[in-house]
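Listed below, chain by chain, are the residues.
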Number of protein chains: 2
Amino acid sequence: MRDVAIIGCGMTKFGELWKKSIRDIFVEAGLKAIDDAGVENIDSMYVGSMTSGLFVEQEHISAIMADYLGIAGIPAVRIESACASGGLALRQGFIEVTSGMNDIVLVGGVEKMTDGADATYALASAADQEYEVYNGITFPGLYAMIARAHMHRYGTTRKQLALVAVKNHKNGASNPNAQFQRETTIDGVINATMVADPLTLMDCSPVSDGAACVILCPLDQAKKYTDTPVKILASCAATDNIALHQRDDVTILKAVKLSGESAFKQAGISPGDIDVAEVHDCFTIAEICAIEDLGFVAKGKGGEFTEKGETALDGKIPINTSGGLKSKGHPVGATGIAQVIEIVEQLRGNAGKRQVKNAKVGLTQNMGGSGASSVVHIFRVV
Amino acid sequence: MRDVAIIGCGMTKFGELWKKSIRDIFVEAGLKAIDDAGVENIDSMYVGSMTSGLFVEQEHISAIMADYLGIAGIPAVRIESACASGGLALRQGFIEVTSGMNDIVLVGGVEKMTDGADATYALASAADQEYEVYNGITFPGLYAMIARAHMHRYGTTRKQLALVAVKNHKNGASNPNAQFQRETTIDGVINATMVADPLTLMDCSPVSDGAACVILCPLDQAKKYTDTPVKILASCAATDNIALHQRDDVTILKAVKLSGESAFKQAGISPGDIDVAEVHDCFTIAEICAIEDLGFVAKGKGGEFTEKGETALDGKIPINTSGGLKSKGHPVGATGIAQVIEIVEQLRGNAGKRQVKNAKVGLTQNMGGSGASSVVHIFRVV
């Protein structure tokens, strides 16, 4: 198995991109990544997208995107695992390069959520249609149940949940690609419109359009293209029961735990070695569960850890320096790749006001549904 | 890169499976494949499905299927490239095993088309939404234009198109898993309800439910599980312009040509070495184009070749011995895997009345949309 590096990145601004279609935004991100890497050809391509069928009545987007990037002919495949589609697309690209089958692989993610379908209805297709959605629950409700259980079991407070959003908006305020480049306050979160008690609108990631792409190649060819290749140290995925009612303990995201443990083992490092991480904060409670289940803090202590500022830019382990899904935006299929781009920029030392000092090793954790899919990548600049 | 073998197969009957949900049929096929292979664990899983979101409002089906197969925890990813989803899922499984990342990989495909959405509307999401579908064309119309051009350019006749359906129904009549286990006649095809001139209902593959799964492992471990492992000699994919109006010549399916040429090169053999093939006959004209673009017969001669009986069970190169999409049924995501199962059964000598004598090397060709995606596999029994 060959070592694999990321040699180029490109993304659109995330937000309500009314004037651009799904193919426009993917091509914009793809061309930026190709320019950034300086490659002259692409051997193969993966596109992560959750539900382009329900959102814009367009499946088969891998072939369309290859066509509109001007590279029709190459193998191009779409990957879907709900909100983990982007991260899992990267894993497929990693496997293809590591196998030796192809060298230069473009991996992207895209979602156009502001056209067409009702977003809550379309997103609900990531939950258990027969046992959850049919009975009326949607994602804010599922995560609200996880939040309630976490508060009850571990004493996590309403304020601690709000502080996740406050931190992420503070980071997002200095990210030019973020959907919401503005700060918020504890009161601003708690007093926002109630969505599913205890989660208000400001505990929830938004509906967004956007695309993000990276270029992979074998590590031993990477220096031809860039002075700062970023090596993929680990690429691991896991699944869990789809419906909350089937899980032993809804406060533990087992797929996050499994994918994290496998990734640390593959990379030969431990959570304490990570300098910066992007985790899947689709709701504020999700970030708290993720940092616990990845092992950055003991189970049940994520709220307290956040309140102490340990996940802030100058904390023990800076989390979601990009602004996270909460502030940067969450165009579902693009999210997993945008997380990777933030880590690559941090490891390259290009993160500007959001730069974590001496960041050498970074992690991304991307999740599908209420945690039935999770994928973890670990990166080191070489 | 390690050699890869298929060690087990399982599929449902194809048809209108009103009493079974999408998860029921996938689990049925998956358990049959696991039993057939005799494996005790699965390391990783791929599920090909085109548009489970539009058909049954359920995305994220890889996690659901792992859960309902009782193997939640493992990595599980859905692959989508329209009607080529199944074949491309196999290619991802092949790449994973060849890379050395995992050993025992389940690859399946599924579609539940008789519940919910209007099938023509859902299937149209595989065409170019902005330039084709918006203007009112659907797949029968696209393939009718290809048929008209083929008839005009090469003199292909209405009768020759009908003979594809007649042959495939004859084969399907002895396939216990086929949706339509009955024969038809030239008049039966030509006089059926007109769908898109010159294609009648009997030139079109049907709307179907179904699932199909295979188990892969490294070739050097395969004899532990079966006396008749089937080696994957080649696994190659390609793309083409998504919309017909962008192609130089609509009678040539360029992605089929490219994926076929790559596959023959990878396998180190030529079209004349293939003993039996399953090709993507979503419409009768598609089979004629496919056998030409794969090199089984010269361009423009596919109709004549069919009329001479050269693609029949006792012909020069038996095509679609399973009954093809036309008679076996076409549950979109499952089709690419069901094609592979027919070839595995032929190479194992288990095809009963449909058995091709001395079949040693087989090929499958699975296509997405009006040919913007194509994937070709070549197999040999070892």
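Quick caveat: nothing in here was measured; it's all calculated off a predicted structure.

Procedures and definitions
- Residues numbered from 1 in each chain as written.
- Chains lettered and ligands numbered in written order.
- Predicted model: local features only at pLDDT ≥ 70, side-chain atom pairs only at ≥ 80, totals over all residues.
- Helix = DSSP H or I, 4+ residues; strand = E, 2+ residues; numbered from the N terminus.
- Rg over C-alpha atoms; globule rule 2.2 N^0.38 Å.
- Contact = placed C-beta atoms within 7 Å.
- Expected span 1.5 Å × (residues − 1).
- Buried ≥ 20, exposed ≤ 12 C-beta atoms within 10 Å, placed from the backbone.
- Least-squares fit on C-alpha atoms with pLDDT ≥ 70 in both.
- Domains from an automatic or database assignment.
- Nonpolar A, V, L, I, M, F, W, Y, C, P; charged D, E, K, R; others polar.
- Pairing = 2+ DSSP bridges.
- Axes fitted to C-alpha atoms, helices over the stretch in contact; angles between N-to-C directions.
- Parallel < 35°, antiparallel > 145°, perpendicular 65-115°, else oblique.
- Left-handed = near helix turned anticlockwise from the far one by under 90°.
- pLDDT = per-residue confidence, 0-100.

### Considering the overall build of chain A
Next, step 1: Looking only at helices and strands, chain A features 13 helices and eleven strands.
Next, step 2: Taken against the 2.2 N^0.38 rule, which gives 21 Å for 382 residues, the C-alpha radius of gyration of chain A at 19 Å falls within 12% of a compact globule.
Next, step 3: Projected onto its principal axes, the C-alpha positions of chain A cover 55 × 45 × 40 Å.
Next, step 4: Residue pairs in contact within chain A that sit at least 24 positions apart in sequence constitute 77% of those at least 6 positions apart.

### Some thoughts on helix α9 (residues 254-267) of chain B
All names here are of chain B.
Next, step 1: Relative to the 20 Å expected for 14 residues at 1.5 Å per residue, α9 spans 20 Å between its end C-alpha atoms, a close match to the ideal helical length.
Next, step 2: Within the sequence span of α9, burial applies to Lys254, Ala255, Val256, Lys257, Leu258, Ser259, Gly260, Ala263, Phe264 and Ala267.
Next, step 3: Looking at the buried side of α9, the elements it contacts are β8 (230-239), α10 (284-293), β10 (361-368) and β11 (373-381).
Next, step 4: Taken from the residues just after α9, Gly268 is the one with a positive phi, measuring 70 degrees.

### Concerning the relation of the copies chain B and chain A
Next, step 1: Superposing chain B onto chain A requires a rotation of 180 degrees together with a translation of 0.0 Å along the rotation axis, leaving an RMSD of 0.0 Å. In the structure described here, the two chain copies are related by an operation that fits a two-fold rotation axis. Ranked by how close their C-alpha atoms come to the rotation axis, the residues of chain B are headed by Ser99 of chain B, at 2.0 Å.
Next, step 2: A shared interface surface links the copies, since 100% of the contact residues of chain B are contact residues in chain A too.

### Brief notes about the domain arrangement of chain A
Residue and element names in this part refer to chain A.
Next, step 1: For chain A, the domain assignment lists domain 1 (4-119 + 208-224) and domain 2 (125-204 + 230-381).
Next, step 2: Computed from C-alpha coordinates alone, the two centres of domain 1 and domain 2 are separated by 22 Å.
Next, step 3: With 38 residues of domain 1 at the interface, the matching set in domain 2 holds 35 residues.
Next, step 4: Where the side of domain 1 that touches domain 2 is concerned, the elements lending two or more residues are β1 (4-11), α4 (85-99), β4 (105-112) and β7 (209-218).
Next, step 5: If you tally residues by element for the side of domain 1 that touches domain 2, the top one is α4, at seven residues.
Next, step 6: Per-class residue counts for the side of domain 1 that touches domain 2 are 22 nonpolar, twelve polar and four charged.

### Here's the deal with the pairing of strand β2 (residues 44-48) of chain A
Residues and elements named next belong to chain A.
Next, step 1: In terms of residue burial, β2 counts as a mostly covered element, since five of its five residues are buried.
Next, step 2: Residue alternation in β2 divides its side chains into two sets, Ser44, Tyr46 and Gly48 and Met45 and Val47, and both sets are buried.
Next, step 3: As paired elements, β2 and β4 share five bridges and run parallel to each other. Among the inter-strand pairings, Gly48 is bridged to a residue of β4, identified as Gly109.

### A look at the environment of Val77 of chain B
Next, step 1: Position of Val77 of chain B relative to the elements: it lies in strand β3 (residues 76-80).
Next, step 2: By C-beta crowding, Val77 of chain B is classed as buried, having 29 other C-beta atoms within 10 Å.
Next, step 3: C-alpha separation for the pair Val77 of chain B and Ile61 of chain B, spaced 16 residues apart in sequence, amounts to 8.3 Å.
Next, step 4: Contacts of Val77 of chain B, omitting those with residues within four sequence positions, involve Ile79, Ser81 and Leu88 of chain A together with Tyr46 and Ser62 of chain B.

### Points about the packing of α4 of chain A against helix α4 (residues 85-99) of chain B
Next, step 1: Two elements in contact, α4 of chain A and α4 of chain B, have axes whose closest approach is 9 Å; the angle formed by their N-to-C orientations is 50 degrees. Classified by the angle between their axes, α4 of chain A and α4 of chain B sit oblique to one another. In this structure, α4 of chain A crosses over α4 of chain B, and the sense of that crossing is left-handed. For the pair α4 of chain A and α4 of chain B, the contacting residues are Gln92, Ile95, Glu96, Thr98 and Ser99 of chain A in the first and Gln92, Ile95, Glu96, Thr98 and Ser99 of chain B in the second.
Next, step 2: Along the lines of polarity and charge, the residues of the contact of α4 of chain A with α4 of chain B split into two nonpolar, six polar and two charged.

### Some words on the pairing of β8 of chain B
All names here are of chain B.
Next, step 1: The buried fraction of β8 is high, at nine of ten residues.
Next, step 2: By the bridge criterion, two bridges tie strand β1 (residues 4-11) to β8 in an arrangement that is antiparallel. Residue Ile6 lies in a different strand from β8, and its bridge partner there is Val230.
Next, step 3: Of the strand pairs in this sheet, β8 and β11 are connected by nine bridges, and their pairing is antiparallel. Along β11, the bridge assignment pairs Ser235 with His377.

### So, unusual backbone geometry
Of all residues except glycine, most have a negative phi; of all peptide bonds, most are trans.
Next, step 1: Of note, the bond from Asp197 of chain A into Pro198 of chain A is cis; its omega dihedral lies within 30 degrees of zero at 10 degrees.
Next, step 2: Relative to the helices and strands, Pro198 of chain A resides in the loop between β5 (194-196) and β6 (199-200).
Next, step 3: The backbone of Asn358 of chain B sits at a positive phi, close to 55 degrees, despite the residue not being glycine.
Next, step 4: If you trace the backbone, Asn358 of chain B turns up in the loop between α13 (332-348) and β10.

### Regarding the environment of Thr335 of chain B
Residue and element names in this part refer to chain B.
Next, step 1: Secondary-structure assignment places Thr335 in helix α13.
Next, step 2: Assessed through the 34 C-beta atoms surrounding it within 10 Å, Thr335 is described here as buried.
Next, step 3: Between the C-alpha atom of Thr335 and that of Glu111, which follows or precedes it by 224 residues, the distance is 8.9 Å.
Next, step 4: Residues in contact with Thr335, not counting those within four places in the same chain, are Cys83, Gly86, Gly109, Leu325, His330 and Asn366.

### Regarding the interface of chain B and chain A
Buried accessible area, meaning the area lost when the parts come together, often serves as the stated size of an interface.
Next, step 1: If you look at the interface, chain B gives 51 residues, while chain A gives 51 residues.
Next, step 2: The pairing of strand β3 (residues 76-80) of chain A with β3 of chain B spans three bridges and is classified as antiparallel. The partner of Ile79 of chain A across the bridge, within β3 of chain B, is Ile79 of chain B.

### A word on the environment of Gly116 of chain A
Residue and element names in this part refer to chain A.
Next, step 1: Here Gly116 lies in the loop between β4 and α5 (119-123).
Next, step 2: For Gly116, a count of 14 C-beta atoms within 10 Å puts it in the partly exposed group.
Next, step 3: Taking the C-alpha atoms as reference points, Gly116 and Tyr225, separated by 109 residues in sequence, lie 40 Å from one another.
Next, step 4: In this structure Gly116 touches Phe55, Val56 and Glu57, once residues within four positions along its chain are discounted.

### Some points on the confidence of the model for chain A
Residues and elements named next belong to chain A.
Next, step 1: Averaged over every residue, the pLDDT of chain A is 97; the share at 70 or more is 100%.
Next, step 2: Of all the helices and strands in chain A, α5 carries the lowest mean pLDDT, 93, while strand β9 (residues 276-278) carries the highest, 99.
Next, step 3: Taken together, the chains of this predicted complex give a pTM of 0.98 and an interface ipTM of 0.97.

### Section: the packing of helix α6 (residues 139-154) of chain B against α10 of chain B
To describe two helices that pack against each other, one gives the angle between their axes and the distance between the axes.
Residues and elements named next belong to chain B.
Next, step 1: Look at α6 against α10: their axes get within 9 Å of each other, and the N-to-C directions meet at 55 degrees. Of the possible angle classes, the one that applies to α6 and α10 is oblique. Viewed along their axes, α6 and α10 form a crossing whose handedness is left-handed. Facing Tyr143, Ile146, Ala147 and His150 of α6, the residues of α10 in contact are Ile285, Ala286, Ile288 and Cys289.

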